[in-house]
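# Summary of structural features
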Amino acid sequence: MTDIQADLSQPMSRITTRPALNRQRGAGITPWLYLAPALILLFMWTYVPLIEAFKLSFYQWNMLPTAPQRFVGLDNYRRIFALSEMRIALWNTLLYIIGLFPMSVIIPLFAAILTQDLQGRLRTLYRTLIFVPMIVPPVVAAILWRWLLSDDHGLVNNLLALAGFGTVGFLTDPHYALATLTWITGWKLIGFSTLLFSSANAGIDRSYIEAARIDGASRWQIVRDIRLPLLSPTVMLLSMMTILFGAQWSFAYISVLTNGGPLKSTTNIFYVLWEYGFETLSAGWSAAAGMITFASFAIIAFFCLRLMKRYAVYDN
């Protein structure tokens, strides 16, 4: 009886706050338990390989399990920068990115704006047709384009011959091969970008548009002063994706259609990484080139995020 009286004599605030503190502690741990599987996978499949690649970039190794890894310091980096094919690959990577911008950002932006008023079945048909290239597997798309652009019996060259033009080596002529692969990569991306812009365009508050029309604004003025500013976050997002991943998306087409040729005219930094690692078995060179690529694109991503934060217009 004395113990019960002692417990009842305690302030009610002390009795009621202990369960509340326990709930707060549990609430702080619970989100991390949900995130733990994803964080573990991210660490194991992203950061551990990145650390291992960084370590491997200072060694010479032919990827055979029985072969020793020989420490060479910064020699891999020096040799990589001295290679002429590395400079060609970096230049081609820049050309891929520049060539993809019209098809991944500019054309989809204006296509989404010009087709915003489509309704019903026509809208569904338009979205289906423009998104079909995106769902075609890259290898299948590459084989399809190899047949269409063949020098001997390709449909495109047959049509050019009927029009009175000569045969064009789309995949065999160094003057055309890079532009051809850029077109194929952009053809795959244009549907995804258009639907992303269409979704962002549909999310713009209609009251802005109606108010501008009441004030006598023309369609071009509405696009210039309302739609384009409010689409700027999507524009910057797709621009950043094109810069960071554009050349990488072309890897499958390079591998299937040209193998980096003719005369290294279609190779890029990502294909060079694969060549060093799996064709010549120069794991140290491949890792060094990968670290250079990672550091360069990390810096670019940092500045892209800063630009998005500073210049993007959000509807708050």
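Further up the page is the structure itself.
Anyway, here's the lowdown on the structure attached to this text. Predicted model, so just to flag it, every value in this text is computed and none were measured. (Residues numbered from 1 in each chain as written. Predicted model: local features only at pLDDT ≥ 70, side-chain atom pairs only at ≥ 80, totals over all residues. Heavy atoms only, no water.)

## Things to note about the packing of helix α4 (residues 84-114) against helix α13 (residues 269-279)
- Relative orientation of the contacting elements α4 and α13 amounts to 145°, with a least axis distance of 8 Å. On the side of α4, the interface is formed by E85, M86, A89, L90 and T93, while α13 contributes I269, V272 and Y276.
- Class assignment for the residues of the contact of α4 with α13 results in six nonpolar, one polar and one charged. (Axes fitted to C-alpha atoms, helices over the stretch in contact; angles between N-to-C directions. Helix = DSSP H or I, 4+ residues; strand = E, 2+ residues; numbered from the N terminus. Contact = heavy atoms within 4.5 Å. Nonpolar A, V, L, I, M, F, W, Y, C, P; charged D, E, K, R; others polar.)

## Some thoughts on the side chain of T182
- Here T182 lies in helix α8 (residues 174-202).
- When sequence neighbours within four positions are dropped, the list of residues in contact with T182 reads Y96, G99, L100 and M103.

## Remarks on the pattern of salt bridges
- A full pass over the atoms with the stated rule returns six salt bridges.
- Between E210 and R206 there is a salt bridge, and its shortest N-O distance comes to 3.8 Å. With E210 and R206 both in helix α9 (residues 206-214), this residue pair falls four residues apart, about one helical turn.
- On the basis of relative accessible area, E210 is assigned to the partly exposed category, the value being 37%.
- Residue classification places R206 among the partly exposed residues on the basis of a relative accessible area of 44%.
- The shortest N-O distance in the salt bridge between E275 and K264 comes to 3.4 Å. With E275 in helix α13 and K264 in the loop between α12 (251-258) and α13, the pair connects residues that are 11 residues apart, well separated along the chain.
- By relative accessible area, K264 is classed as partly exposed at 30%.
- It is possible to trace a salt-bridge network through shared partners that takes in R206, E210 and R213. (Salt bridge = Lys/Arg side-chain N within 4 Å of Asp/Glu carboxyl O. Buried < 20%, exposed > 50% of the residue type's maximum accessible area, 1.4 Å probe, protein only.)

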